[in-house]
Structures are given as structure tokens and as C-alpha cells.
Amino acid sequence: MIEQENDTWELRLYIAGKTAKSITALQNLKKYCEEHLKGQYKIEVIDLLINPQLAEGDQILAIPTLVRKFPEPIRKIIGDLSNEEKVLVGLNIRPAYS
Amino acid sequence: MSKAKNIDTTESKPIAIPKTYTGISGFDQITGGGVPTGRPTLICGEAGCGKTLFSLEFIIRGAMEFNEPGVFIAFEEKTDELEMNVASLGFDLKKLQIDKKVRLDHIHIDRSEIEETGEYDLDGLFIRLGYAIDSIGAKRIVLDTLENLFLGLDNQAVVRAELRRLFAWLKNKGITAIITGEKGDGNYTRQGLEEYVSDCVILLDHRVINQISTRRLRVVKYRGTVHGTNEYPFLIDEDGISVLPVTSLKLEKEISSERVSSGIPSLDEMLGSKGFFKGSSILVSGTAGTGKTSISAFFADATCRRGERCIYFAFEESPKQIIRNMQSININLQKHVDNGLLQFSASRPTLHGLEMHLVVIYKMIKKFKPSVVILDPITNLVTVGSVSEVKSMLIRLIDFLQEEQVTVMFTALTLNSIINEQTDEGVSSLVDAWLLVRDIEFNGERNRGLYIMKSRGMKHSNQVREFVISNDGIDLVDVYLGKEGVLTGSARVAEVLKEHTSNALRNNALNRKDREINRKRQILEAQIANLKSEFESVEEELNKIYIEEELKNEVLEKTRKEVTELRRDKVHPQH
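Criteria and cut-off values
Residues numbered from 1 in each chain as written. Chains lettered and ligands numbered in written order. Predicted model: local features only at pLDDT ≥ 70, side-chain atom pairs only at ≥ 80, totals over all residues. Pairing = 2+ DSSP bridges. Helix = DSSP H or I, 4+ residues; strand = E, 2+ residues; numbered from the N terminus. Axes fitted to C-alpha atoms, helices over the stretch in contact; angles between N-to-C directions. Contact = placed C-beta atoms within 7 Å. Nonpolar A, V, L, I, M, F, W, Y, C, P; charged D, E, K, R; others polar. Buried ≥ 20, exposed ≤ 12 C-beta atoms within 10 Å, placed from the backbone. Expected span 1.5 Å × (residues − 1). Arc of directions from axis to C-beta.

## Re the sheet that holds strand S8 (residues 140-144) of chain B
Strands belonging to one sheet form pairs held by backbone hydrogen bonds; the direction of such a pair is parallel or antiparallel. Residues and elements named next belong to chain B. With mixed pairing, the nine strands of this open sheet are ordered in space as S6-S5-S8-S9-S4-S10-S11-S12-S13. The strands lining the two open edges of the sheet, one partner per strand, are strand S6 (102-106) and strand S13 (240-243). Taken over all neighbouring pairs, the strand axes of this sheet differ in orientation by 20° on average, direction set aside. Two strands pair when backbone bridges link them, and strand S10 (residues 200-209) and strand S11 (residues 212-222) are joined in this way by 10 bridges, in the antiparallel orientation. Along S11, the bridge assignment pairs cysteine 200 with tyrosine 222.

This is the structure we're talking about:
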């Protein structure tokens, strides 16, 4: 159980206001997580319009950006996450069924 | 913008482009006031040409001198690296950041940890910039080097579109921005940033010619304003960047009719008894070993004695060498160095390029404010540039010195060639006074002759003088014009001696004649006295006879009378 706790994926999605791209990205992300990381993930959405000072910490340039905080190393995926294959490879998620 | 000033350009536009001072010495003069206010300026150049330093100085000086806070966005270097880099220039970036005058921000793009999928934009960058600008109320921003975006992101179309938006956004914010870009093949920047930044483009260059590197700056484009189009050399040293606006095309300098002594009284005498004009340029040329350095040392010495400052740029000897050598002709330069009136700057010409020498000279003069500058010798500069380059450098130097009212003395080595009279750099037409020291080889020895080839605006001697260097200093002696022509050195001395001898002989002869006349006179006078006394005795003799005669007559008369009386008495009683 403790190991499972440690395996919780920490994902952070940076957006700037509720733009179409941001909404698409969030929807896509949730879908992939439900499919592949059910119960082992945590998504934090940061709106830079509200908290601009947070952009510096994760070196955010592009919007939307998805940051995998845990497990290490940090990975970033930018764009609306429409390409599932790329997102999964980028996040290094092993599909549950494989 | 608070500190931006409108610079009146020569064109009679209703509103000139407002400009923001960069604070970089020299640059603001070239551009007539700095970079355009509220617009982006592109600085491009190859790696290591000083782009980052230029832009960083723009921010730091803006904050320190013009009270305009600035944001520096670094895409390449980390903030602590930047802090360290400028600490060597004496800027305390940490303190400026604490005072909220400057904000450094490092934007790191690591391609390896970024995956792109789907559509995105660079709002994050905008937000970061916006946040940084607003947090300190920045008036200036630097993006160094923005092109890293292209390297970090795959979707070039997005990047280009976003860049266009970025520049529009910066303009909208009314912030004065500097964007740096690496030079690419054929283009000013690798990614063609110049398409986006169309107001002001500055090109920095770092060129190596003959193994000597020179940094140069050129304003490629500056919309809506006049600007210098030349390449200007610039220098990075302990004070940061200084650009040298070297070519002043105007010839409207203040001139002075004040005179300064050359330090050699007899030379002053040749120059209308007063010496050189203040702020004029003097060329001393001559073959090797003719005493050019000695003349300059005298000039330096005289300047310091008057309590004025002097800088001696030596390109051949070290200061200590010059001081020692000049002691042998009774000049103590060390004293002036200790008093802080004399400054030496000795460097091999090959230390840096010509332009750099000029910048160094320019900076030293600005700092030390001398009234006399000596360059000894300018001929050595040819080793680092072609003759025409040296000439153009000297023109600019003379221009600058005249503007500053600094008297300058150059020495030049002439080679014993057919075109002896021409100085190698052809500067003779530029200078106001030209002294030529020349070897006169005659009678088995080499002597020095000094001519004043020209001296503008004053009466000057047309005589050749013999230039004598002795333990006591320099003296100019009239050469001996004998039957055999101009005589110098020992020939002159011999001739003078010969003249002395003949003079003595002549004097002697004259004296003898005088004495003889005297003697004759004495004899004559003695004879006269003799005759006179003879005459007196004769006269006396004659007088004696005469008196006796008279006495006799008197006595006779008396006796006759008495006899007569006696007779009358006897006759009377008969009546």
C-alpha cells in the first residue's frame, strides 16, 4: 500500500485562462489518466492569469504545458495533448494492458 | 517615457522619434540619443562579440543612471552567471535586484524534456514577461537571446507567429526593448529576426585582421532618424563598453591663439619667440637617433613644470627606460610622474588594433584631461595597420584632440629613402607644425640639424639650426655659414676657432699700430716742449735787452730833465 502511495503521479497543467486549447488539453489529460493511471494520479491545474509568478518555477513558456512532477525526471509536454501516443510516450506511461 | 528625450534632428519634422539613453558611452552620440523609446531594437553579431554585455549594460545603466528599472530575460546564461560576469565590471547586480531596479530572469528551454503534441501558443512567455515587467515597473527589457526559442521548439510556424505577436505586444506596452540575435549566413540573424524588428538594428562585429582583433559596431538601420553609418570601434574594459564616435566630419573646432613653450628656449625663439599654439598638432620627424624622443621629453617636462598634465604614449620604450634615458640630458621626468602630472602609457602597437589604440587614447584623455599628449612614435603603428589606416586614425585623433584643446606632439621615424621629406604616414599635411631633425653628415661625423618645415599661422625661422644634445639638455646653435657652406659639429667649432685666431691676430696688429702712433705722438710732443722752452729762453733774452734799453732810456730821460732843470736855475738869477 505504501509503495502504491509513492507511485502516485503528480501532474501539473499550466493554462492561461479558459481557452479552447486549455480545455481540450485538460479533457484529454483526464481521459488518458483514467485509462492508464486510474487511482494513481493527481492533477493540479494552474491558471497563470491568476498566478503569473508560478510560471518561473517550472520554466513555462508555452500554453498549455503539462508537467510531470513525479516520478522524476521532470517531463514537459506542450500543446493540447491531442496526440495520445505522443503524450503516453512523453509521460512514459506504460499502458496497463501491455 | 520618463527620461527619454527628443533629439532635434536636422530634419524639420514636427515630432522627432523619442529616444532612450543607453548610458553606454559613445553609443548615444552616434545614434543621437540612444535607442528608440518604446520600440524593440535588435542587436546582432557573432558569438562573443559583446551582445550580452551591451544589453546588460543597457539595463544596468538605465537603472543606475536614468532611474529606469529594467528586466533582463536570459535564455542562455543563468542569472548567477550573469551576476558574476558583470561583477568584474564593478556592477552590483544583486543589490540592484534587491532594490527592485533590475530583475533577472532565466528562461530555460530544454528540448530533451519537452514533447510537443497538438496546438499551443507562447502565452506562458508573455505572462512571465508581463509579470516581470509589472513587478518592478520596468521601462526597459532585454531578451537575450530570443532565438533560443527556435532551437527549443519544433513548431517553427507557431514560434514565428508568436514572435510577431511578441513584438507587437512589447510595442503596445511601450517598453524599450533590446533583442539580441546570433548572426547567421547572409542574414543579420540566423532566424531572420530583423524582419520583426524593423526600427533599429545594430550590428556588432569582432574581426581579426593580421592577428589583431577589433570590435566594431554599426548602426545598420534606424528608422526615422539620422545616425552615423560608419563602423565604430568599441572597447570592452573594466568600465564596460565604450564606443568611439571617431569620425567627426565637421571642421568647426574652437581654436586658441594661446601659445605654449616647447621647453627648449632656442626652439621657441625659432617659432616667433613664443612656441607652439595651444591645441595644435606638432610633428617631429627624423631618422633614427636624431633626438625626437628628447624633444618630446622636453616638451613634456615644460608642460609639467607649468603645472599642466601630460600623457606620454610610448610605443617603443618602456616608461622606465624613457625616464632613465632622459635623466642623461638633465630631465627628471620621474618627479612629474610622482606628482601625478605626467602619465605614461606604454604599449606595443601589436597589443591591439589601431582602432583599439585610438579608443584607449581617447579614454585616457577623457579621464586624465591632459593639456599635452605625446605619441612616440606613430611610425610604429604601421605594424598593425596599413598606411592609409594609420593616416585615417591620426586624422581622427587630431580631430578629437583639437576639439579637446589638447596640444599633441607626434614623433615619426623617417627612413633614409629618396622620399625623405615625406613622413611615412603622410600626416605632414594634417599637422600644424612640423619639425624635421636631420642628420648632416660631413667631415667624418654625424651632426643633427633642425629645420622648421612649417608652422601654420606664425612667423618662424627659416634657418637650419644645429641641434646639440648635451648633459645639460638640448640647445639649438646657429650653424656656421662658411665659405665651404653650412658647417656643423667639430667643423663648426674649428671654424669658429679659426675665426677667433684671426681675430686675435688682427687685433694684435691693430694694437701695435696704435702704440706706434702713440709713441710718435709722445716724441712729437716732447719735441714741441723742447722747442717751446728754447723759444721761451730766446724770448727772455730778447725781453731782457728790450727792458734794459727801456731802463736806459728812462734813466737818460731823467738825467736830461735834471740837467735841463739845473740850467734853467742858473739862468734865472741874472734877470
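Next comes the rest of the account.
## Concerning the interface of chain B and chain A
Every contact between the two is made by 21 residues of chain B and, on the other side, 28 residues of chain A. Of all the secondary structure elements, the ones that give two or more residues to the side of chain B that touches chain A are strand S7 (114-116) and helix H5 (123-136) of chain B. Among the elements that line the side of chain B that touches chain A, the one with the most residues is H5(B), at seven residues. Broken down by class, the residue content of the side of chain B that touches chain A amounts to eight nonpolar, five polar and eight charged. Bridge count between strand S4 (residues 75-78) of chain A and S7(B): three bridges; the pairing is parallel.

## Considerations on the environment of B:Glu162
Residues and elements named next belong to chain B. Following the sequence through the fold, glutamate 162 ends up in helix H7 (residues 156-173). Overall, the presence of 21 C-beta atoms within 10 Å leaves glutamate 162 in the buried class. Dropping the residues within four chain positions of it, glutamate 162 is found in contact with Asp121 and Leu122.

## Examining H7(B)
Residues and elements named next belong to chain B. Here H7 is 18 residues long and its end C-alpha atoms lie 25 Å apart, about the 26 Å a rise of 1.5 Å per residue gives. Within H7 the residues assigned to the buried category are Val159, Glu162, Leu163, Leu166, Phe167 and Leu170. Across the axial projection of H7, the buried residues extend over an arc of 145°, all falling on one side. Exposed positions of H7 whose direction lies more than 90 degrees from the buried face are Ala157, Arg164, Ala168 and Asn172. Against the buried residues of H7 lie strand S4 (40-45), helix H6 (148-152) and strand S9 (176-182).

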